[in-house]
Amino acid sequence: MNEDTFFLIVNPKAGFNKGLKHWDAIKKSLEKIGIKYIHTFSEYAGHSIDLARNAVVAGFRKIIAVGGDGTANEVINGIFSQDVVDTRQVQFGIIPVGTGNDWIKSHQIPNNYKKSILLLNAGKTTPHDIGKIHYHTAEGEKKTRYFLNVAGLAYDAFVTNASEKNKRAAKNRFYYLYLIFSCVTKFSPDVCRIKFNNHDMEHAFYNITVGICQYNGGGTKLVPHAIHDDGKFALTLFKDIKPIEVITKSPRFFNGSIVDHPQAFTSQTDHIQIVADKETPAYVEADGEVLGQTPIEFDMLKQSIQVFVP
């Protein structure tokens, strides 16, 4: 009975409280076109994981995040942390009310709740890859997290960590750009070892980006070769890029041409291992959340969920 009903998980704090401010209008739009749904509000960080998991267990197969990239990530983690149904039988969608909304850019999903609701009603879906990250806490405990967009290490994780100190301001794209530039003088890359395909590379990488889709960080495009359903991570490594170039070449970070930099290396792979010295571990973020540290492994779950697209 629940399979044809949309289950909406609303983050009221998304996008400077847009989730709450626009909920009445979103509700009216849903009812106007006759979408059958029920909804619930998340109440704290991580709550959407539990809500999504419980929804799938209860028989819902159309799970919708009403929020931004962070809400989408939590909902995906809820879907993939249950074991009652194959995730390929689940359809995931988003009504974007976040600020960055990076994931929707790769799919050209409208950044407009009325248009995105029409998209859900149309019912068109496509298979989508999901990444699985194994990482460790500072105490050595091994943990797992899933992601649907982009993960990063080195400078990327450093900037994301800085943004978590002021999460409200960091949702503003211009503030995020400020962080990218201001962190240049504070970041010092540490040596780590990365293994993928037939490569075994050890270097003090300035940045490491692992993408399923193309955009993160308020619209930066460091993995323009990412394809959401090809079963491969798009990998971009920056070796010795100069800090000043982070500022002078900033437009190239947004149009994808930065991967043509002489110090950039790109590849595609379905498995990645990263290790570093215990005294100077490498940290990883996924979909805008800092998770933990090395040793880290990425596994690809090819076409493991259906997503609503235009």
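Structural notes, computed from the coordinates. It should be emphasised that the depicted structure is a prediction, and the values quoted were computed from it without experimental measurement. (Residues numbered from 1 in each chain as written. Predicted model: local features only at pLDDT ≥ 70, side-chain atom pairs only at ≥ 80, totals over all residues. Heavy atoms only, no water.)

## Considering helix H3 (residues 47-57)
Applied cut-off: Relative accessibility under 20% of the residue-type maximum defines a buried residue, over 50% an exposed one, and the middle range a partly exposed one, all with a 1.4 Å probe and only protein chains included. Only DSSP runs of H or I covering at least 4 residues are called helices, and only runs of E covering at least 2 are called strands; the numbering of each starts at the N terminus. Contacts between residues were defined by any pair of non-hydrogen atoms, one from each residue, lying within 4.5 Å.
Of the positions making up H3, those classed as buried are His47, Ser48, Ile49, Leu51, Ala52, Ala55 and Val56. Looking at the buried residues of H3, the elements they touch are strand E1 (6-10), strand E2 (37-41), strand E3 (62-67), helix H4 (69-80) and strand E6 (142-147). Immediately beyond the C-terminal end of H3, within one or two residues, lies Gly59, with a positive phi of roughly 110 degrees.

## Describing the pattern of salt bridges
Threshold: Salt bridge, as used here: a side-chain nitrogen of Lys or Arg that lies within 4 Å of a carboxyl oxygen of Asp or Glu.
Counting across every chain of the model gives five salt bridges. Between Arg145 and Glu289 there is a salt bridge, and its shortest N-O distance comes to 3.0 Å. Of this pair, Arg145 sits in strand E6 while Glu289 is found in strand E15 (residues 289-308), placing the two residues 144 residues apart along the sequence. The exposure class assigned to Arg145 is buried, which follows from its relative accessible area of 12%. For Arg193, the salt bridge is made with Asp200, and the minimal N-O distance between the two is 2.6 Å. According to the relative accessible area criterion, Asp200 is partly exposed, its value standing at 42%.

## Re the packing of helix H2 (residues 23-32) against helix H6 (residues 113-122)
To keep things clear, this is the line we draw: Every axis corresponds to a line fitted to the C-alpha atoms, with the helix fit spanning only the stretch in contact, and the corresponding angles, defined between N-to-C directions, vary from 0 to 180 degrees. By the definition used in this description, the sense in which the near helix is turned from the far one sets the handedness, with an anticlockwise turn below a right angle giving left-handed and a clockwise turn giving right-handed. Note on residue categories: nonpolar means Ala, Val, Leu, Ile, Met, Phe, Trp, Tyr, Cys or Pro, charged means Asp, Glu, Lys or Arg, and polar means any other residue, Gly included.
One way to put it is that H2 packs onto H6 with a least axis distance of 10 Å and a crossing angle of 35 degrees. By crossing handedness, the relation of H2 to H6 is classed as right-handed. Here H2 contributes Ala25, Ile26, Ser29 and Leu30 to the contact with H6, which in turn contributes Tyr113, Lys114 and Ile117. Residues that form the contact of H2 with H6 fall into these classes: five nonpolar, one polar and one charged.

## Remarks on unusual backbone geometry
The step from Thr294 to Pro295 runs through a cis peptide bond, and the omega angle for that step is 0 degrees. You can see Pro295 is positioned in strand E15. Even without being a glycine, Gln108 presents a positive backbone phi close to 55 degrees. In this structure, Gln108 sits in the loop between helix H5 (103-107) and H6. Residue class for Gln108 comes out exposed when judged on its relative accessible area of 68%.

## Side note on the side chain of Glu74
Heads up, the rule is: In this tally, Lys and Arg are treated as positive and Asp and Glu as negative; His is ignored, and so are the chain termini. Polar contacts here mean pairs of N or O atoms no more than 3.5 Å apart (in protein, one a potential hydrogen donor and the other a potential acceptor; neighbouring residues in sequence count only if both atoms are side-chain atoms).
By the element assignment, Glu74 lies in helix H4. Here Glu74 occupies a buried position and makes no salt bridge, while the nearest side chain of opposite charge, Arg145, is found at 5.0 Å. At 2.8 Å, the side chain of Glu74 and the backbone nitrogen of Gly46 are in polar contact. Those residues within four positions of Glu74 in sequence are excluded, and the remaining contacts are Ala45, Gly46, His47, Ser48, Ile49 and Arg145.

## Side note on the nonpolar core
For clarity, the threshold we go by: In these notes, a set of buried Ala, Val, Leu, Ile, Met, Phe, Trp, Tyr and Cys residues joined through side-chain atoms within 4.5 Å is what counts as a nonpolar core.
Residues Ile63, Ile79, Phe92, Ile194 and Phe298 are the most contacted members of the largest nonpolar core, which totals 71 residues. When residues of this core are assigned to their parent elements, the largest contribution, seven residues, is made by E15. Counting 16 residues, the second-largest nonpolar core is a separate cluster that includes Tyr155, Ala162, Leu222 and Phe238.

## Thoughts on the environment of Ala52
Its location among the elements puts Ala52 in helix H3. Spatially, the C-alpha atoms of Ala52 and Ile64 are 8.9 Å apart, while their sequence positions differ by 12 residues. Non-local contacts of Ala52, meaning those with residues more than four positions away in its chain, are made with Ile9, Ile63, Val75, Gly78 and Ile79.

## Section: the packing of aromatic side chains
Applicable threshold: Pairs were defined over the aromatic rings of Phe, Tyr and Trp, the Trp ring being its six-membered one, requiring ring centres within 6.5 Å. Orientation was assigned from the angle between planes: stacked under 30 degrees, edge-to-face over 60, tilted for the rest.
Taken as a whole and assessed by the stated rule, the structure comprises 14 aromatic pairs. Ring geometry for Phe7 versus Phe60: centroids 5.0 Å apart, planes at 55 degrees, classification tilted. Of this pair, Phe7 sits in strand E1 while Phe60 sits in the loop between H3 and E3, and the two are 53 residues apart along the sequence. Relative accessible area serves as the criterion here: at 10%, Phe7 is assigned to the buried category.

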